[in-house]
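# Reading the structure
Here is how the chains run, residue by residue.
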Amino acid sequence: MTADDQSRLVAEVTSAHRARDPGGRVCAHPAWHDLDVDGRREAFAATRELRTLEAALDPEGLTTTARAVLARIRGAAR
Amino acid sequence: MIDLDEHLPAIATGDADAFARWLAGAEGRLRASLASFAAEVDVEAVLQESLLRVWNTAPRLVPDGRPNALVRFAVRVARNAAVSEWRRLAAGRVVPEVALGGGEPGDPGDPAAAERALEAGPADPWLRERIRRCHGELGGSPARALGARLGSGGLEHDRELAAGVGMTLNTFLQNVARARKLLAACLERAGVRLAEVWS
């Protein structure tokens, strides 16, 4: 895998968008499976940085992770 | 120490806005608690699944009288979810207990780190202002790509976001990465190392 390939996969994994399986469980991002150990750690660190930025830029201090979870909660009864 | 349990009574009654306020203070701590699993599971997926479980089980939580009972409960939920996911992905291979981060399953980890996470981060007005100032200096394609991510709130695939801002997926991803690096460099010039900030 080239460095560019790895960078692209890392950037994909930093998204908060995650698919659900038929049972509703949140699935791993497909790109995450293609990363090696170093790439997965890099993706974790990059995601953490992005979420810090997102929280600071959001009027309610919420990240895209929080927004995704809240959308799911608000769309379904407990 | 900030006690996020002030939101617990409302969360227990199904108040999603209260859960949002709790999330704003707790997410960084929960993500940090999963750092040791980063090479083994997709932490973002595990974290989202864990937060949904916390929301569904919070009404049954009986606080133990110590601060941040819901955060500590959520750390246990997230850790157990990460171990389960790791075992599922390992598909029969043995997951070494020693690699699971030490301590008993459900150990909330380093209390000092938890406290620091609850006191620092973007809630710090100075840091928020710095990040906003740097974001204001961000222009062009990196700003548009990051803005698309922020605007979607994790609900749309990057392919759709890229199309919405007139980029190919590859270019969009490059611009998201560039935006993060440019903001990190801007913050570094102000004496802030983004990688060391607890969100």
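To keep things clear, this report deals only with the structure shown in the data block.

## What about the pattern of salt bridges?
Enumeration over the complete set of coordinates arrives at 20 salt bridges over all chains. Put simply, Glu54(A) and Arg51(A) hold a salt bridge, and the shortest N to O gap is 3.1 Å. In this pair, Glu54(A) and Arg51(A) both sit in helix H3 (residues 37-57), three residues apart, roughly one turn of the helix. Here Glu54(A) matches Arg51(A) in class, with each residue buried. In this structure, Arg88(B) engages Glu85(B) in a salt bridge whose closest nitrogen and oxygen atoms are separated by 3.0 Å. Linking Arg88(B) with Glu85(B), this pair stays in helix H4 (residues 69-90), spanning three residues, or about one helical turn. You can call Arg88(B) partly exposed: its relative accessible area is 47%. Looking at Glu85(B), the relative accessible area reads 10%, which means it is buried. Each of the salt bridges in this network shares a partner with another, and the network as a whole consists of Arg51(A), Glu54(A), Glu27(B), Arg31(B) and Glu44(B).

## Regarding the interface of chain B and chain A
Contacts between the two partners involve 60 residues from chain B, matched on the other side by 52 residues from chain A. Each partner contributes to the roughly 5000 Å² buried at the junction of chain B and chain A, and carbon and sulfur atoms together form 64% of this total. Counting every contact that joins chain B to chain A gives five salt bridges. The interface formed by chain B and chain A holds 20 residue pairs in polar contact (both at pLDDT 80 or more) in total. Elements with a minimum of two residues in the side of chain B that touches chain A: helix H1 (8-12), helix H2 (16-33), helix H3 (43-57), H4, helix H6 (125-137), helix H7 (140-152) and helix H9 (169-189) of chain B. Partitioning the side of chain B that touches chain A into residue classes produces 35 nonpolar, ten polar and 15 charged.

Thresholds, definitions, all that
- Residues numbered from 1 in each chain as written.
- Chains lettered and ligands numbered in written order.
- Predicted model: local features only at pLDDT ≥ 70, side-chain atom pairs only at ≥ 80, totals over all residues.
- Heavy atoms only, no water.
- Salt bridge = Lys/Arg side-chain N within 4 Å of Asp/Glu carboxyl O.
- Helix = DSSP H or I, 4+ residues; strand = E, 2+ residues; numbered from the N terminus.
- Buried < 20%, exposed > 50% of the residue type's maximum accessible area, 1.4 Å probe, protein only.
- Contact = heavy atoms within 4.5 Å.
- Buried area = accessible area lost by both parts, 1.4 Å probe.
- Polar contact = N/O pair within 3.5 Å; in protein donor to acceptor, adjacent residues only side chain to side chain.
- Nonpolar A, V, L, I, M, F, W, Y, C, P; charged D, E, K, R; others polar.

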